[in-house]
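Structural overview for review
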Amino acid sequence: MRSLFLLTMLAGIGLSSAAEARDYPVCLRVYLNYHDWYDECSYDNMQQCRMSASGRAAECMENPWYKAPEPRKTSRRQKR
């Protein structure tokens with residue numbers, strides 16, 4: 001029973017960290033060679049990303065997985 005609980009907890013931790021990495025609107029793609037690269041999606045804006053990419057084999061791009069927060073709906077009472 002404990003092992004099932006631990007396995008479930010570890011799976012949850014792994015999924016949450018993957019989701020956290022995609023919560024930023026800008027990604028830095030770092031090239032290791034012609035066929036290998038990785039993305040760091042941890043930048044709030046292009047300027048931050050460009051500063052990190054400076055002097056490296058890297059480029060900045062919009063995060064294709066980013067979903068901006070939806071605006072809050074206001075009720076009719078708040079508009080008056």
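To keep things clear, this report deals only with the structure shown in the data block. (Residues numbered from 1 in each chain as written. Predicted model: local features only at pLDDT ≥ 70, side-chain atom pairs only at ≥ 80, totals over all residues. Heavy atoms only, no water.)

Two or three places before glutamine 47, at the start of helix 2 (residues 46-53), stands the capping residue asparagine 45, its side-chain oxygen 3.3 Å from that residue's backbone nitrogen. Downstream of helix 2 by a residue or two, glycine 55 has a phi angle that is positive, lying close to 80 degrees. (Polar contact = N/O pair within 3.5 Å; in protein donor to acceptor, adjacent residues only side chain to side chain. Helix = DSSP H or I, 4+ residues; strand = E, 2+ residues; numbered from the N terminus.)

This next bit is on the environment of valine 26. In this structure, valine 26 sits in strand 1 (residues 26-33). C-alpha separation for the pair valine 26 and tyrosine 66, spaced 40 residues apart in sequence, amounts to 8.3 Å. Here valine 26 is in contact with Glu40, Cys41, Ser42, Tyr43, Asp44, Asn45, Met46, Cys49, Met61 and Asn63, once residues within four sequence places are set aside. (Contact = heavy atoms within 4.5 Å.)

Note on terminology: disulfide describes a covalent bond linking the sulfur atoms of two cysteines. Evaluation of the coordinates by the stated rule reveals two disulfides. What pairs with cysteine 27 in a disulfide is cysteine 41, and their sulfur atoms sit 2.0 Å apart. Disulfide cysteine 27 to cysteine 41: torsion about the S-S bond roughly 100 degrees, handedness right-handed. Residue cysteine 27 is located in strand 1, and its partner cysteine 41 is located in strand 2 (residues 36-43); the two are separated by 14 residues in the primary sequence. The pair formed by cysteine 27 and cysteine 41 is uniform in burial state, with each residue classed as buried. (Disulfide = S-S within 2.5 Å. Buried < 20%, exposed > 50% of the residue type's maximum accessible area, 1.4 Å probe, protein only.)

The next subject is the sheet that holds strand 3 (residues 58-62). Pairing between the strands of a sheet is mediated by backbone hydrogen bonds and can be parallel or antiparallel. The strand order across the open sheet built from three strands is 2-1-3, with neighbouring strands paired in antiparallel fashion. Every other strand in the sheet has two partners, leaving strand 2 and strand 3 as the edge strands with one partner each. Adjacent strand axes in the sheet meet at a mean angle of 25 degrees when their direction is disregarded. Pairing between strand 1 and strand 3: five bridges, direction antiparallel. Counted as the bridge partner of leucine 28 is cysteine 60 from strand 3. Contacts between helix 2 and the sheet are confined to strand 1, strand 2 and strand 3, with strand 3 contributing the most and set at about 165 degrees to the helix. (Pairing = 2+ DSSP bridges. Axes fitted to C-alpha atoms, helices over the stretch in contact; angles between N-to-C directions.)

Now for the side chain of asparagine 63. Its location among the elements puts asparagine 63 in the loop between strand 3 and helix 3 (76-79). Of the residues examined, asparagine 63 reaches a relative accessible area of 7% and is grouped as buried. Among the polar contacts made by the side chain of asparagine 63, one reaches the main-chain carbonyl oxygen of tyrosine 24 at a distance of 2.7 Å.

Both strand 1 and strand 2 contribute to a ladder of six bridges, which runs antiparallel. Paired with valine 30 across the bridge in strand 2 is tyrosine 38. If you look at the hairpin formed by strand 1 and strand 2, you'll find two residues sitting between the two strands.

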